[in-house]
Amino acid sequence: MKAEAMKTLAYGRHWIDERDRAAVDAVLSGDWLTQGPTIGRFEHALQEVTGATHAVACSNGTAALHVTAAALGWGPGDHIVMPAITFLASANCCRYVGAHAVFADIQPETFTLNPAQVERQVQALRASGARVRGIIGVDLTGHPCDWPALRDIADRYSLDLVDDAAHALGARGPDGITIGSGVFADVTTLSFHPVKAITTGEGGAILTNREDLADRARRLCSHGTVRGETQVPDWEGPWHVDMVELGFNYRLTDMQAALGITQLTRLDTFIDQRHALAERYDRAFADDPLVRVQHPVPGIRHAHHLYVIRVPFDNGAVSRRELFERCRKQGILLQVHYRPVMLNSYYARSDGKASHPEALPESLRYYAECVTLPLFPQMTEADVDRVVATVRECLR
Ligand SMILES: *Cc1c(COP(=O)(O)O)cnc(C)c1O
């Protein structure tokens, strides 16, 4: 019982089993450690799971976003509207290509982009003469954005629509449409960092139904080069590789792809387990006046990447720092997802700044209140009960 009580619980953790180890080991004994056939098998498996026509595996989720921004042709003078409550990479991908990130407010119940605020931001930018090129929605915590509404705005204003689905592999919208299927977003990006739904250590993917974007993303991940008689103009022979644009080495290895394939076979099991644990949290906090939980839209399949509670710290007895410290002493490591992007020094300076910063009251309120509790598939019900008891006790 003592040992159990001291087990440290972080907000997320990977789950590697014997099948994963065997798959990686098989690649290590083979001919291809990278640029081999396992990559294509992983990409095919991602297509099967998401319904995407094309999948391009790459070195991480940030690379996937960078390549997406480049493949869409975003550049200097372009403005991209997105939530401020997201990981830095969602905005940084715009800066990598010289475009500006502009933030729109979120909905207080789902923590995802508020489509009405996105449209307001697009109109305000247009009215000031700024060129708006795209929207990046983030399925924060694994809850799908209101994709039909975002698609409608993207169509009416001729914008590219990108889904940063780093939290949402395996999620479905209320219409039953799978995240990554390409029904709404032009491009969906994934991350396989160890805290995410499945892991390859580092890893990411670009999903799209548009062949032109898939081809360009694949090329950009491999130095901007094309090869083969049909691709290369004035082909000189099998050695002839032509670099047609400036690209990167953003490739995934075969070892990682092998891990991705076996992990992906367990995606549903992982998510079912996350659901069971999240429901247990929901029930435990249902009658707690100090804790507010997320209110998902009915009918969605939440991926439950994060379990976030909201606590009104400004009128409570403890501060968030105190709560973090007290829980840390009990072996429970809380987190905040996320500190709004525009509060970072870089984004406050002129080299990073959005041209038209907006007041974001819901985002700031969310940031003041949010706390991420541990949630990962190998947690037990007893772990959840321990987190609940500790948090409730430390809040008072
Ligand atoms: C994890 C994450 C990324 C970046 O993924 P990496 O694989 O760590 O580069 C991008 N966006 C969001 C919302 C994320 O959570």
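Our subject is the structure that appears above.
This section reports on the structure supplied with the text.

Calculation notes
Residues numbered from 1 in each chain as written. Predicted model: local features only at pLDDT ≥ 70, side-chain atom pairs only at ≥ 80, totals over all residues. Heavy atoms only, no water. Phe/Tyr/Trp six-rings, centres within 6.5 Å; stacked < 30°, edge-to-face > 60°. Helix = DSSP H or I, 4+ residues; strand = E, 2+ residues; numbered from the N terminus. Buried < 20%, exposed > 50% of the residue type's maximum accessible area, 1.4 Å probe, protein only. Pairing = 2+ DSSP bridges. Contact = heavy atoms within 4.5 Å. Axes fitted to C-alpha atoms, helices over the stretch in contact; angles between N-to-C directions. Near = heavy atom within 4 Å. Polar contact = N/O pair within 3.5 Å; in protein donor to acceptor, adjacent residues only side chain to side chain. Areas by Shrake-Rupley, 256 points an atom, 1.4 Å probe, with all protein chains shown as cover. 1 Å grid on protein atoms, 1.4 Å probe; cavity = no way out; pocket = protein on both sides within 12 Å on 5 of 7 lines; lining within 4 Å. Sits in = over half its atoms within 2 Å of the grid points. Core = buried A, V, L, I, M, F, W, Y, C linked by side-chain atoms within 4.5 Å. Expected span 1.5 Å × (residues − 1). Parallel < 35°, antiparallel > 145°, perpendicular 65-115°, else oblique. Left-handed = near helix turned anticlockwise from the far one by under 90°. Nonpolar A, V, L, I, M, F, W, Y, C, P; charged D, E, K, R; others polar.

Details of the packing of aromatic side chains
Within this structure, the stated rule accounts for nine aromatic pairs. Ring geometry for Phe111 versus Tyr366: centroids 4.9 Å apart, planes at 55°, classification tilted. Here the residue Phe111 occupies a position in the loop between β3 (100–104) and α6 (115–127), and Tyr366 occupies one in helix α13 (residues 361–369), the gap between them amounting to 255 residues. Residue Phe111 shares its accessibility class with Tyr366, and that shared class is buried. Seen from their ring centres, Tyr281 and Phe285 are 6.2 Å apart, and the 10° between their planes marks the pair as stacked. Of this pair, Tyr281 and Phe285 both sit in helix α10 (residues 267–285), four residues apart, which is roughly one turn of that helix.

Remarks on the sheet that holds strand β12 (residues 370–373)
Spatially, the three strands line up as an open sheet ordered β10-β11-β12, and their pairing is antiparallel. A strand with exactly one partner marks an edge of an open sheet, and here the two such strands are β10 (292–293) and β12. Pairing of β10 with strand β11 (residues 307–310), which is carried by two bridges, proceeds in the antiparallel orientation. Across the sheet, residue Arg292 finds its bridge partner in β11, namely Arg310. Across the sheet, α10 is in contact with β10, β11 and β12; its angle to β11 comes to roughly 15°.

Description of the site of the ligand
Around the ligand sit 15 residues, and of these Gly61, Thr62, Asp164, Ser191 and Lys196 come closest. The side chain of Tyr338 places a nitrogen or oxygen atom 3.2 Å from an oxygen atom of the ligand. Summarising the interface, the protein chains cover 92% of the accessible area of the ligand, which totals 380 Å² for the free molecule. Under a 2 Å grid-point criterion requiring more than half of the atoms, the pocket assigned to the ligand is the second largest pocket. Per element, the largest residue contribution to the shell around the ligand is three residues, and it comes from helix α4 (residues 61–71).

Side note on unusual backbone geometry
A cis amide bond links His337 to the next residue, Tyr338, at an omega of 5°. When you line up the elements, Tyr338 lands in the loop between α11 (320–329) and α12 (345–348). The phi dihedral of Phe111 is positive, around 70°, even though this residue is not glycine. Phi angles above zero are rare outside glycine, and Ser158 is one such case at about 50°. Relative to the helices and strands, Ser158 is located in the loop between α7 (147–156) and β5 (160–164).

Focus on the nonpolar core
It is characteristic of soluble globular proteins that their nonpolar side chains tend to be buried jointly. Counting 45 residues, the largest nonpolar core has Phe42, Leu46 and Val118 as its most contacted members. Discounting residues that sit within four places of it in the chain, Phe42 has contacts with Ala57, Phe192, Ile198, Thr200, Leu252, Ala257, Gly260, Ile261 and Leu264. In terms of nonpolar packing, the next biggest core, distinct from the first, is built from 34 residues, Ile80, Ala89, Val187 and Val341 among them.

Some words on α10
Given a rise of 1.5 Å per residue, 19 residues ought to cover 27 Å, and the 27 Å separating the end C-alpha atoms of α10 matches this to within 8%. Those residues of α10 that fall on the buried side of the exposure criterion are Leu267, Phe270, Ile271, Arg274, His275, Leu277, Ala278, Tyr281 and Phe285. Against α3 (37–50), α9 (254–265), β10, β11, β12 and α14 (381–394) lie the buried residues of α10.

Focus: the packing of helix α2 (residues 18–28) against α9
Where α2 meets α9, the axes come as close as 8 Å, and the angle between the chain directions of the two elements is 150°. In terms of axis orientation, α2 runs roughly antiparallel to α9. Regarding α2 and α9, the two cross each other, and that crossing is right-handed. Taken together, the residues of α9 that come into contact with α2 (itself represented by Arg19, Asp20, Ala23, Val24, Val27 and Leu28) are Asp254, Met255, Ala258, Leu259, Thr262 and Gln263. In terms of residue class, the contact of α2 with α9 is built from seven nonpolar, two polar and three charged.

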